[in-house]
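For reference, the chains in residue letters:
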Amino acid sequence: MTASSETAGTNIEPFWALDPDVTYLNHGSFGATPRPVLERQQSLRDELEREPIDFLSRSRERRIDEARKALADFVGASASGLAFVPNATTGVNSVLRSLRFEAGDELVVTDHAYNACRNALDFVAERWGATVSVAPLPFPLASPDEIVDAVAGALTARTRLAMIDHVTSPTALVLPLPELVSAIAGRGVEVLVDGAHAPGMVELDLDELATLGMTYYAGNCHKWLCAPKGAGFLWVAPGRQPAIRPTVISHGANRDTSLRSRFHLEFDWTGTTDFTPWLCVPTAIEAVGGRVEGGWAALRLRNHELALAARDLLTATLGIATPPCPDEMVGSMAALPLADAGGVVANGPDTLSQQLRDQFGLEVPVMPWRSPRLRLLRVSAQLYNTRADFERLADALRALSVTGANSVR
Ligand SMILES: Cc1ncc(COP(=O)(O)O)c(C=O)c1O
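Keep in mind it's a predicted model, so treat the numbers as computed, not measured.

(A) Region of interest: the overall build of the chain. The helix and strand tally for the chain stands at 15 helices and 12 strands. Whereas a compact globule of 409 residues would reach a radius of gyration of roughly 22 Å, the chain reaches 21 Å, a difference of no more than 12%. By principal-axis analysis of the C-alpha atoms, the chain measures approximately 65 × 55 × 40 Å. Every one of the 409 residues in the chain was classed for burial, and the buried ones make up 56%. The averaged location of the 48 negative side-chain charges in the chain is 5 Å from the averaged location of its 37 positive side-chain charges.

This is the structure in structure tokens:
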């Protein structure tokens, strides 16, 4: 059975470009860009191709500054510490690869970290002879305090930096960031936040986090902000901006700094590229926020409530006794542990995810968790989703006799 357009995708057209025949429950992985934002991008590309020199040379800084200001207002930061990057991975790499460590230094990360960013941390640690110390976070868990205790417990006198997710990818937990930043920075340790999922999902006030001691924050605009792919950002605390360089060194390294900071000169140009995704961020903020009366705050609440409803429906369907985390740690995604998957092959395509797509027209990620045999099913709730989408998923899981796990410890 494939979900038909009569039942799937009722909220999709004409705003979203998604296939209305697919029940898309994976906004979290790569976001989805609405048509008005894509149209804006096309018109910017038309401008670029009509007058490349004007677009890429004369008006570039003004255009980037305007887009940066809109993003800065949205994430609660001053524009001076904010740089566009293509994605969160690039932002995280820029920070880690700029820093200098000594042999024996410790870099703390959690076992819920995103693999790509963890790889960057491992790479840098190896280069300097530093050690990566992994704080195991509980899941399921009853209180955000358990997270703070786990991370604080991994800090030692040798810890130089902690890389912390704002919203974890496999487990979809909104971590207690102010408490974590305070606990880490209070020990004199730099905090790099991987906020790939946060902009558009949770309210951001980077300046407030900066007062608690946050050093760096990398985020994506293509996920929950729904900007085109290629739009991400890096925020760096004022005192650390001179030390943080882009992953690609270009003209900005020796340009005159009388009018612009070295930080902006370097990050705003890393070679010729299509930077229209950055310039579409103001349109995405306006167009997506404008879909809901009450703007972004109402949109975030709507998606949060739908994610909670989806989680409750799925815990009941899968036979999971207690939700895996407190409601306050749910943003607009929820992850559910599945029972032991038997003969799953490590790194192979997940068979359940493929079955849901092929037989039911449902796009849902199923990820290995701590061992290839244990898996998490993650759902996302975005404006184009309704409760009916999750009911279709629940029906499909029942039809496939999938059951959940009450503990994955
Ligand atoms: C927590 C986290 N960090 C980083 C990333 C990487 O994002 P990107 O591939 O856009 O750099 C993701 C992507 O899903 C993520 O979930």
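(B) Representation of the environment of Arg97 within the structure. The residue Arg97 is located in helix H5 (residues 88-98) in this model. Through-space distance from the C-alpha of Arg97 to that of Arg245 is 8.3 Å; in sequence the pair is 148 residues apart. When sequence neighbours within four positions are dropped, the list of residues in contact with Arg97 reads Phe123, Val124 and Arg127.

(C) Here's a closer look at the packing of aromatic side chains. Across all of its chains, the model carries 10 aromatic pairs by this definition. Ring centres 5.7 Å apart and planes at 40° place the aromatic pair Phe55 and Phe275 in the tilted group. Taken together, the positions of Phe55 in helix H3 (residues 52-58) and Phe275 in the loop between helix H10 (262-267) and helix H11 (276-279) put the pair 220 residues apart, joining distant regions of the chain. Assessed through its relative accessible area of 3%, Phe275 is described here as buried. Measuring from ring centre to ring centre gives 5.3 Å for Phe84 and Trp278, while their planes differ by 10°; the resulting arrangement is stacked. One end of the pair, Phe84, is in strand E2 (residues 82-85); the other, Trp278, is in helix H11, and 194 residues separate them in sequence.

(D) Molecular detail of the site of the ligand. Close contacts around the ligand come from 14 residues, with Thr89, Asp194, His197, Asn220 and Lys223 the closest. Within the contact set of the ligand, an oxygen atom lies 3.3 Å away from a backbone nitrogen or oxygen of Ala88. His197 is positioned with one of its side-chain polar atoms (N or O) 3.0 Å from an oxygen atom of the ligand. When the ligand sits alone it has 390 Å² of accessible area, and the protein chains cover 90% of it.

(E) How the structure looks around the domain arrangement of the chain. Entries for the chain in the domain assignment read domain 1 (23-30 + 293-399) and domain 2 (38-285). Put simply, the middle of domain 1 and the middle of domain 2, counted by C-alpha atoms, are 26 Å apart. For the pair domain 1 and domain 2, the summed buried surface comes to about 2400 Å²; carbon and sulfur atoms form 62% of the total. Three residues stand out in domain 1 for area buried against domain 2, namely Trp296, Arg300 and Met329, and they jointly supply 29% of the buried area on that side. The tally of links between domain 1 and domain 2 comes to 1 salt bridge. Arg370 is the partner of Asp111 in a salt bridge, and the nearest nitrogen-oxygen pair spans 2.6 Å. At the boundary of domain 1 and domain 2, one finds 11 residue pairs in polar contact (both at pLDDT 80 or more). Of all elements in the fold, only helix H1 (27-30), helix H13 (295-318), strand E9 (333-338), strand E11 (366-369) and strand E12 (371-380) reach the threshold of two or more residues within the side of domain 1 that touches domain 2.

(F) Expanded view of unusual backbone geometry. Going from Glu13 to Pro14, the amide bond is cis rather than trans, its omega being 5°. Residue placement: Pro14 occurs in the segment before strand E1 (23-24). Looking along the chain, the bond that leaves Phe139 and enters Pro140 is cis, with omega of 0°. You can see Pro140 is positioned in the loop between strand E4 (131-135) and helix H7 (145-154). At Ala172, a residue that is not glycine, the phi angle is positive and equals roughly 55°. You will see that Ser401, though not glycine, has its phi angle at about 55°, which is positive. Locating Ser401 in the fold gives a position in the segment after helix H15 (387-399). With a relative accessible area of 62%, Ser401 lands in the exposed category.

(G) A look at the sheet that holds strand E6 (residues 190-195). Taken in spatial order, the 7 strands make up an open sheet running E2-E8-E7-E6-E5-E3-E4, and their pairing is mixed. Strand pairing shows two members of the sheet lacking a second neighbour, E2 and E4, which therefore form its edges. On average, each strand axis in the sheet is tilted by 20° relative to the strand beside it, whichever way the strands run.

(H) Helix H14 (residues 351-360), seen in detail. Of the positions making up H14, those classed as buried are Leu352, Ser353, Leu356 and Phe360. Seen from one end, H14 has its buried residues packed into an arc of 105°, which puts them on one side. Of the residues flanking the start of H14, the one acting as N-cap is Asp350, its side-chain oxygen 2.9 Å from the backbone nitrogen of Leu352. Immediately downstream of H14, the backbone of Gly361 shows phi near 65°, a positive value.

Scoring rules and cut-offs
- Residues numbered from 1 in each chain as written.
- Predicted model: local features only at pLDDT ≥ 70, side-chain atom pairs only at ≥ 80, totals over all residues.
- Heavy atoms only, no water.
- Helix = DSSP H or I, 4+ residues; strand = E, 2+ residues; numbered from the N terminus.
- Rg over C-alpha atoms; globule rule 2.2 N^0.38 Å.
- Buried < 20%, exposed > 50% of the residue type's maximum accessible area, 1.4 Å probe, protein only.
- Lys, Arg positive; Asp, Glu negative; His and termini not counted.
- Charge placed at Lys NZ, Arg CZ, Asp CG, Glu CD.
- Contact = heavy atoms within 4.5 Å.
- Phe/Tyr/Trp six-rings, centres within 6.5 Å; stacked < 30°, edge-to-face > 60°.
- Near = heavy atom within 4 Å.
- Polar contact = N/O pair within 3.5 Å; in protein donor to acceptor, adjacent residues only side chain to side chain.
- Areas by Shrake-Rupley, 256 points an atom, 1.4 Å probe, with all protein chains shown as cover.
- Domains from an automatic or database assignment.
- Buried area = accessible area lost by both parts, 1.4 Å probe.
- Salt bridge = Lys/Arg side-chain N within 4 Å of Asp/Glu carboxyl O.
- Pairing = 2+ DSSP bridges.
- Axes fitted to C-alpha atoms, helices over the stretch in contact; angles between N-to-C directions.
- Arc of directions from axis to C-beta.

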